[in-house]
Amino acid sequence: MRAPARELFRDAAFPATDSSLFSSFSTPLARFREDITWRRPQEICATPQLFADNPQEGQVKQGLLGDCWLLCACAALQKSQHLLNQVIPPGQPSWLDQTYRGAFTFRVWQFGRWVEVTVDDRLPCLAGRLCFSRCQRADVFWLPLLEKVYAKVHGSYEHLWAGQVADALVDLTGGLAERWTLKDLARASGHQDRPGNSEHRACRQLLGLKDRCLISCAVLSPREGAKGGTCWTPRMRRSCFRNSRKGSSGWRRRNSSRSSMRSPLATRSRRLAICRASTQVLRHTQELPGAWVEGQSAGGCRNNSGFPSNPKFWLRVSEPSEVYVAVLQRPRVRTLGRAGWAQAPAGNDHAVWSPVGFPSKDYQAVGLHIWKVEKQRVSLPRVLSSPPVAGTVCHAYDREVHLRCELAPGYYLAVPSTFLKDVPGKFLLRVFSSGRVSLSAVKPVAQSPAPREALPLGEWETVRLRGSWRLGQTAGGSRNFASYPTNPCFPLSVPEGTGPRCIRIALQQDCQDGKCHPIGFHVFQVPPGGRGPGAPSLLLQEPLLSCVPHRYAQEVSRLCHLPAGSYRIVPSTYLPDLEGVFTVTIATRIDRRSIHSQEALGQLLQEASFMAVMKT
């Protein structure tokens, strides 16, 4: 009598249907919708196995899915058996074992912890063969199963189309991943090389890192740039790279100068992902969760007056250390798109760099700054108004941003921030250090609102001017933008012969539903000797005085002394095309000579009151 057939696991949370393959049918994968079938490994080959006995036969090959960024990280994972065991724990069932039930459990690092993910082993196929990732040998299945686990974490296979190698390295190691270019390596070495020399120096630096880091190289070739480029991972014993897109066993330089198969280090546009997953050097780690809460702790970047309200952390360094501090965002709603890079208009203090498409929909533009303090009990306004000892060059739409510092023993204040104010989000602050460190959150202190600035004593003449910012007309934004000269412009005149006048200029906006724009203003002096230049050309000059940075406040003001002359007041919002109505109030103190008098008023009043009582 035959034994009953074993019932194999079917993952209801990630079924073998289109819902697991597609999210919006917006990638070239959609053309194969009707042709993809799902098969278990024993239906694909006679003797499936998880790993190959020969590591060369387990090499990574890419299929129809545009996820070479993930496959680069998977290939790099093979460099360390310890790291591979973290993701694919030993003891997985074999297809020949009695315990086989069609289920495999892998682990992925997510937002500070390792998460176990179980999937069935039904895999997408075309014409009976795997249509996505596969190993060099067709009967080895660790890679397509890991790809399925990652697709389940992200919601679908299509969600894996385009991404960042560094993000996948973090998810598969729990380590810290940096993105380098050859220019970064040359700059770090402190030498300006002739063409070719920087490549050799970069190779030497990479060889020095290969034994303690995972290294991956992404390259956009002229032929394949539109398809997301090519990913490369370093081989164990040599400095050449193998291609995970083509599944080649290695790369060799061709002598022909016209050859398209150039070294991945021969062009400075190559991007390297360096993952420090080893604990040999950065053996001390600390991490704490945090959040930006609208109206409370989402203060925006240093351009905003609300910056001090951002989450703050004490970092204590006990010995001279190499320290990496990183801010890892928790993603919002996942979307599709191709990864690229674009630059937003640069500001006086910060710029915003945005990956076009995939990441910018999931993540906010985030930055990080660190200040050295003498002790934990300090004046935060004074500290935050001084230059930091380290800070990100710009706010970036990356899942994780980080700083590398050489820090002396002492206390430091770390402040992660979003670029815009009142943007909510959650994050994990991570610290990797060669020496002993401790990390703690700064407890927020309730603060009362700042009182409105009062006018000094004296007699004042006040003028109020109404204006508005209109989309496409007078909403030019701050001086960071070319549209700034379109902002409203109000005249101010100080007459001759009176000397410098004390003047208070206030800008008050009409906040709709309690929501205010970040506002500020500049004052420009019209050159003497005639009418001077027109308003647009005048506003291209440096202002005489300013009320900045732009603040999320209903009113901002500036008290000043202006000599005789003609001036122009230009109120603005920080970003262009923000509509609103405002009032500019100009209060000028009137200086008069005082009149001395010896009259006494109190006695006469008392006598009159006394006589009135007696008559009654």
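To start, this report covers the structure provided alongside it. (Residues numbered from 1 in each chain as written. Predicted model: local features only at pLDDT ≥ 70, side-chain atom pairs only at ≥ 80, totals over all residues. Heavy atoms only, no water.)

This structure, assessed with the given rule, holds one disulfide. Note that C511 is cross-linked by a disulfide to C516, the S-S spacing being 2.0 Å. Linking C511 and C516, the disulfide has an S-S dihedral of approximately 105° and is accordingly described as right-handed. C511 gets classed as partly exposed once you look at its relative accessible area, which sits at 24%. Judged by relative accessible area, which is 21%, C516 ranks as partly exposed. (Disulfide = S-S within 2.5 Å. Buried < 20%, exposed > 50% of the residue type's maximum accessible area, 1.4 Å probe, protein only.)

In this section: the side chain of N480. Relative to the helices and strands, N480 resides in the loop between β25 (459–469) and β26 (490–494). With relative accessibility at 14%, the residue N480 sits in the buried group. Of note is the side chain of N480, whose polar atom sits 3.1 Å from the side chain of Y574. (Helix = DSSP H or I, 4+ residues; strand = E, 2+ residues; numbered from the N terminus. Polar contact = N/O pair within 3.5 Å; in protein donor to acceptor, adjacent residues only side chain to side chain.)

Looking now at the packing of helix α2 (residues 68–77) against helix α4 (residues 142–154). Interaxial distance between α2 and α4 falls to 11 Å at its minimum, and their mutual angle equals 130°. Here α4 runs oblique to α2, going by the angle between their axes. The way α2 lies across α4 gives a crossing that is right-handed. Between α2 and α4, the contacting residues are W69, L70, L71, C74 and L77 on the first element and W142, L143, L146, E147 and Y150 on the second. Of the residues that constitute the contact of α2 with α4, the class distribution is nine nonpolar, no polar and one charged. (Axes fitted to C-alpha atoms, helices over the stretch in contact; angles between N-to-C directions. Parallel < 35°, antiparallel > 145°, perpendicular 65-115°, else oblique. Left-handed = near helix turned anticlockwise from the far one by under 90°. Contact = heavy atoms within 4.5 Å. Nonpolar A, V, L, I, M, F, W, Y, C, P; charged D, E, K, R; others polar.)

Once that is clear, we can look at the pattern of salt bridges. Overall, the coordinates contain 16 salt bridges when judged by the stated rule. Within this structure, D120, R122 and K148 form a network of salt bridges that share partners. (Salt bridge = Lys/Arg side-chain N within 4 Å of Asp/Glu carboxyl O.)

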